[in-house]
2 protein chains.
Amino acid sequence: MDAQLKRGLLDLCVLAAIKDEDSYGYKIIKDLKPYAELSESTLYTILKRLEAAEMLTVRTAEHDGRLRKYYHITAEGLQRIEEFRLDWEEMLKIHRFVTKEDKDL
Amino acid sequence: MDAQLKRGLLDLCVLAAIKDEDSYGYKIIKDLKPYAELSESTLYTILKRLEAAEMLTVRTAEHDGRLRKYYHITAEGLQRIEEFRLDWEEMLKIHRFVTKEDKDL
DNA sequence: TGTAATACATCGTAACACGAGGTATTACCT
DNA sequence: AGGTAATACCTCGTGTTACGATGTATTACA
C-alpha cells in the first residue's frame with residue numbers, strides 16, 4: 001500500500017492494537033500485520049510520539065528473563081480513536097469524489 | 001481534518017479534479033474546497049510532482065489577457081486513480097480494525 | 001555452531017503539507 | 001484617483017513522518 005496513504009493511519013492502528021489489552025512492540029507488529037505492515041523503526045517512532053502526546057503510558061516488565069515494555073492506552077488515546085470516526089466521514093467524501101465514474105452523473 | 005490523514009489523498013483529489021475536464025490552479029482549489037481544503041503552496045507542489053510523474057501535462061493559455069496553466073490528466077494519472085480503488089480496500093480494513101467496538105465481539 | 005526469532009533502540013533521509021511571502025492583472029467601490 | 005478584493009501564478013523554509021540501515025542482547029532450535 002502506498003506509504004503516503006498510510007500516514008496518520010498507522011498511529012490509529014497502534015492505538016487500536018493496545019486498546020483492549022496492553023501490548024508490547026514486537027506483538028503490536030505481528031498483530032497489525034494483516035492490516036498494515038510497519039517496520040520496527042516506524043513503530044518505535046510512533047510509540048515515542050504517542051507517549052509524548054500522552055495517548056499511551058509505558059510500563060517495563062520482565063517476561064522470561066527478558067524486558068518488555070508494555071503500552072497502555074489513555075483516555076486521550078481513546079478519544080483520538082473517536083475523533084478518527086469523524087475524520088473517516090471526510091475521507092469517505094474524498095473517496096466518493098475521487099472514484100466516481102463521471103462528474104455529470 | 002488531520003493533516004497526516006490527508007496525505008496521499010490530496011494527489012488523488014487533484015487528479016480527480018482534472019479528470020473529466022482540463023482545469024487550472026485557482027479553479028482546482030475552489031472545486032476541491034467542499035472535499036479538502038488545500039493552500040496554493042500545497043497545490044503547486046502537488047501539480048509539479050504529478051507533472052514530474054507524468055500523471056498530467058501542462059498547457060499555457062491566455063484567458064482575458066491573463067495567463068492560465070491548464071492541466072490535463074494522462075493515462076498514468078487515470079491509472080493512479082484506479083489503483084486507489086485497491087488501496088481503498090486496505091484502508092477500509094484498517095478503518096474496521098481501528099473503529100470496531102471490541103476485539104472479542 | 002549458526003541462524004532464526006524475540007525485543008529493544010538510534011540515525012539519516014526523502015517525501016510531503018503548509019505558512020509566509022512575492023509578483024501581476026482585473027474588477028469593483030467610494 | 002485610491003484602495004481593496006479577487007484572480008492567477010510562484011518560491012522558500014520548516015516540521016512531521018515512514019522507513020531502511022544498523023546496532024545490541026537474549027532465547028530457541030537444528
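Residues numbered from 1 in each chain as written. Chains lettered and ligands numbered in written order. Predicted model: local features only at pLDDT ≥ 70, side-chain atom pairs only at ≥ 80, totals over all residues. Heavy atoms only, no water.

**Regarding the relation of the copies chain B and chain A**
Where we set the bar: For this overlay, a least-squares fit was computed on C-alpha atoms, restricted to residues scoring pLDDT of at least 70 in both copies. Contacts were defined at the residue level, with two residues in contact if any of their heavy atoms lie within 4.5 Å.
Each copy superposes on the other: chain B lies on chain A with an RMSD of 0.0 Å after a rotation of 180° and an axial shift of 0.0 Å. Both copies of the chain, as the preceding transformation shows, are related through a two-fold rotation axis. No C-alpha of chain B approaches the rotation axis more nearly than that of B:Arg7, which lies at 3.2 Å. Interface overlap between copies: 100% of the residues of chain B at the interface are likewise at the interface in chain A, consistent with a symmetric, same-surface contact.

**Examining the interface of chain B and chain A**
For the record, the criterion: The term buried area means the drop in 1.4 Å probe accessible area that two parts suffer when joined, counted for both and summed. A carboxyl oxygen of Asp or Glu within 4 Å of a side-chain nitrogen of Lys or Arg is what we treat as a salt bridge. Between N or O atoms, a polar contact is any pair within 3.5 Å; within protein, one atom must be a potential hydrogen donor and the other a potential acceptor, and residues adjacent in sequence are included only when both atoms are from side chains. A run of H or I in DSSP counts as a helix once it spans at least four residues, and a run of E counts as a strand once it spans at least two, with each numbered from the N terminus. The nonpolar class holds Ala, Val, Leu, Ile, Met, Phe, Trp, Tyr, Cys and Pro. Asp, Glu, Lys and Arg form the charged class, and all remaining residues, Gly among them, are polar.
Opposite the 34 residues of chain B that make contact, chain A presents 34 residues. The junction of chain B with chain A conceals about 3800 Å² of combined surface from both sides, 65% of it contributed by carbon and sulfur atoms. For chain B, the biggest contributors to the area lost against chain A are B:Leu5, B:Tyr35 and B:Phe97; these three give 17% of the whole. Along the contact surface separating chain B from chain A lie two salt bridges. For the pair chain B and chain A, the number of links is twelve residue pairs in polar contact (both at pLDDT 80 or more). Listed by contribution, the elements that provide at least two residues to the side of chain B that touches chain A are helix 1 (3–6), helix 2 (9–17) and helix 5 (75–99) of chain B. Sort the elements by how many residues they give to the side of chain B that touches chain A and helix 5 of chain B lands first, with 14 residues. Residues of the side of chain B that touches chain A, tallied by class, amount to 18 nonpolar, four polar and twelve charged.

**Focus on the sheet that holds strand 3 (residues 66–73) of chain A**
Residues and elements named next belong to chain A. To keep things clear, this is the line we draw: Here, strands pair whenever DSSP counts at least two bridges between them.
Strand order in the open sheet formed by three strands is 1-3-2, with antiparallel pairing between adjacent strands. Because the sheet does not close on itself, it has two edges, and the strands there are strand 1 (23–24) and strand 2 (56–63). Across two bridges, the pairing between strand 1 and strand 3 is antiparallel. Bridge assignment links Tyr24 to a residue of strand 3, and that residue is Tyr70.

**Side note on the environment of A:Asp87**
The condition is simple: Remark: exposure states derive from per-residue accessible area (1.4 Å probe, protein chains only) relative to the maximum for the residue type, with buried under 20%, exposed over 50%, and partly exposed in between.
Here A:Asp87 lies in helix 5 (residues 75–99). Residue A:Asp87 is classed as buried on the basis of its relative accessible area of 14%. Non-local contacts of A:Asp87, meaning those with residues more than four positions away in its chain, are made with B:Met1, B:Asp2 and B:Leu5.

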